[in-house]
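# Geometric and topological summary
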Amino acid sequence: MSVPYEASAEDGLDKLGLHVCKDRLDSVAQRAAAEGWSYTHFLGYLLDGELRARHEKRVELNLQFAKFPALKDLEGFDFSAQPSLDKRLMDELVTGRYLSEGRNVILLGPPGVGKTHLAIALGVQVAQAGNRVYFTTAMDLAHQLTKAVDQNRLHRKLNALMQPRLLILDELGYLAFDPVQASLLFQVICNRYQKGQSIAITSNKAFSEWGQVFADDTVMASAALDRLLHRATVFNIRGESYRLKDRRKAGAHTNGHGESSPLEQNDHPI
Ligand code: ADP
Ligand code: MG
């Protein structure tokens, strides 16, 4: 006597939490019968749908968690506009190998050259690979940390900052830290260094100026740099601001005056 397993298939998939398999069971079974699939092909196909849906959901959550100010990708980056940038190095980073090596990424350069764009693009890549990434400006992180101290939850905050596979600190150096902020940020850098967790940093300041950024504490600044640069890929972008270039092009179209002074521009970093 045969057991009517057909009736329990959907129920079983539901109980196992394989909801996409359950929803697609009928249509995939019909297709399998029509096309004469083997049993293993049928099962593999059904599970593949479930795994893909789960991955998409995870990527969506990772992108929400990341708090990117905008979504950017490397396809949208015009490398010809920035000849000082080594595209091969960037292509290598896209493989994600730097994450397993605990290598950091440091993007230096004046405003508008694409540092934030590239940091976000790398972060999006991490999210799409199924890993957590967290984007914040260095000053915002300093504020988060001092708030955590005030609320007696620094330990938890420092722990939380260890979780993302990549931590992106944007705009280090636009504003100098006070001594407390500097030492808190230093702790984050040390903790992640000790655990081999990568950090990506963008900065408009040369390394020689980081002492000022770290509340004039040059010892702390060089200790931070020591850890950050132990394993790091550094980009020194020396080109012209993409924003100004864009506007200059637009100006050339409308009034024929290609040149514009940076003082006339409201060129804030994003
Ligand atoms: P930075 O962080 O160095 O100040 P951003 O990454 O904020 O510069 O770039 C300013 C704007 O110009 C952003 O909208 C960014 O997407 C765009 N941008 C900068 N460089 C490029 C580039 N080479 N190709 C395409 N867009 C660029
Ligand atoms: Mg920026």
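Residues numbered from 1 in each chain as written. Chains lettered and ligands numbered in written order. Predicted model: local features only at pLDDT ≥ 70, side-chain atom pairs only at ≥ 80, totals over all residues. Heavy atoms only, no water.

### Concerning the overall build of the chain
Secondary structure summary: the chain contains 12 helices and 5 strands in total. Across the 270 residues that make up the chain, the buried fraction comes to 40%. For the chain, the share of sequence-separated contacts (at least 6 apart) that also reach a separation of at least 24 residues comes to 76%. Accessible surface, the chain as shown: approximately 15,200 Å² in total, 53% of it carbon and sulfur. (Helix = DSSP H or I, 4+ residues; strand = E, 2+ residues; numbered from the N terminus. Buried < 20%, exposed > 50% of the residue type's maximum accessible area, 1.4 Å probe, protein only. Contact = heavy atoms within 4.5 Å. Areas by Shrake-Rupley, 256 points an atom, 1.4 Å probe, with all protein chains shown as cover.)

### Description of helix H6 (residues 115-128)
Under the 1.5 Å per step criterion, the end-to-end length of H6 is 20 Å for 14 residues, consistent within 8% with the ideal 20 Å. The buried fraction of H6 amounts to 12 of the 14 residues, a majority that puts the element mostly inside the structure. Considered for burial, the residues of H6 that qualify are Lys115, Thr116, His117, Leu118, Ala119, Ile120, Ala121, Leu122, Gly123, Val124, Val126 and Ala127. Downstream of H6 by one or two residues, Gly130 has phi in the positive range, about 95°. (Expected span 1.5 Å × (residues − 1).)

### Digging into a negative patch on the surface
A surface patch of negative charge is lined by Glu10, Asp14, Asp23 and Asp26. Relative to the assigned elements, Asp26 resides in helix H2 (residues 19-35). (Patch = residues over 30% accessible without salt bridge, like charges linked within 9 Å, V, L, I, M, F, W, Y side chains within 5 Å. Salt bridge = Lys/Arg side-chain N within 4 Å of Asp/Glu carboxyl O. Lys, Arg positive; Asp, Glu negative; His and termini not counted. Charge placed at Lys NZ, Arg CZ, Asp CG, Glu CD.)

### Digging into helix H9 (residues 179-194)
If you check H9, its first and last C-alpha atoms are 22 Å apart, about what 16 residues at 1.5 Å a residue would give, namely 22 Å. Buried within H9 we find Gln181, Ala182, Leu184, Leu185, Phe186, Val188, Ile189, Cys190 and Arg192. Tucked into the core, H9 has its buried residues touching helix H7 (138-150), helix H8 (154-160), strand S3 (166-172), strand S4 (198-203) and helix H11 (218-230). The N-capping residue of H9, defined by a side-chain oxygen 3.1 Å from the backbone nitrogen of Val180, is Asp178. In the segment just after H9, Gly196 is the residue with positive phi, at about 65°. (Polar contact = N/O pair within 3.5 Å; in protein donor to acceptor, adjacent residues only side chain to side chain.)

### Regarding the environment of His155
Its place among the elements puts His155 in helix H8. As for His155 and Leu145, which are separated by 10 residues in sequence, their C-alpha atoms are 9.9 Å apart.

### Here we look at the nonpolar core
Judged by nonpolar contacts, the single largest core of 32 residues is most densely connected at Leu145, Leu172, Phe177, Trp210 and Phe214. Put simply, the parts of the chain that give this core at least two residues each are strand S1 (104-108), H7, H8, S3, H9, S4, helix H10 (210-213) and H11. For this core, the element with the most residues is H9, which contributes 7 residues. Contacts of Leu145, omitting those with residues within four sequence positions, involve Leu154, Lys157, Leu158, Leu161, Leu184, Leu185 and Val188. Counting 28 residues, the second largest nonpolar core, distinct from the first, contains Ala66, Val126, Ala200 and Phe235. (Core = buried A, V, L, I, M, F, W, Y, C linked by side-chain atoms within 4.5 Å.)

### As for the pairing of S1
With 5 of its 5 residues buried, S1 lies for the most part within the structure. Alternating positions in S1 separate into two faces, Asn104, Ile106 and Leu108 on one and Val105 and Leu107 on the other, with burial throughout. For S1 and strand S5 (residues 232-236), the ladder comprises 5 bridges, and the chain directions are parallel. Bridging across to S5, Leu107 finds its partner in Phe235. Note that S1 and S4 share 4 bridges and pair parallel. In the strand pairing of S4, Val105 is matched with Ala200. (Pairing = 2+ DSSP bridges.)

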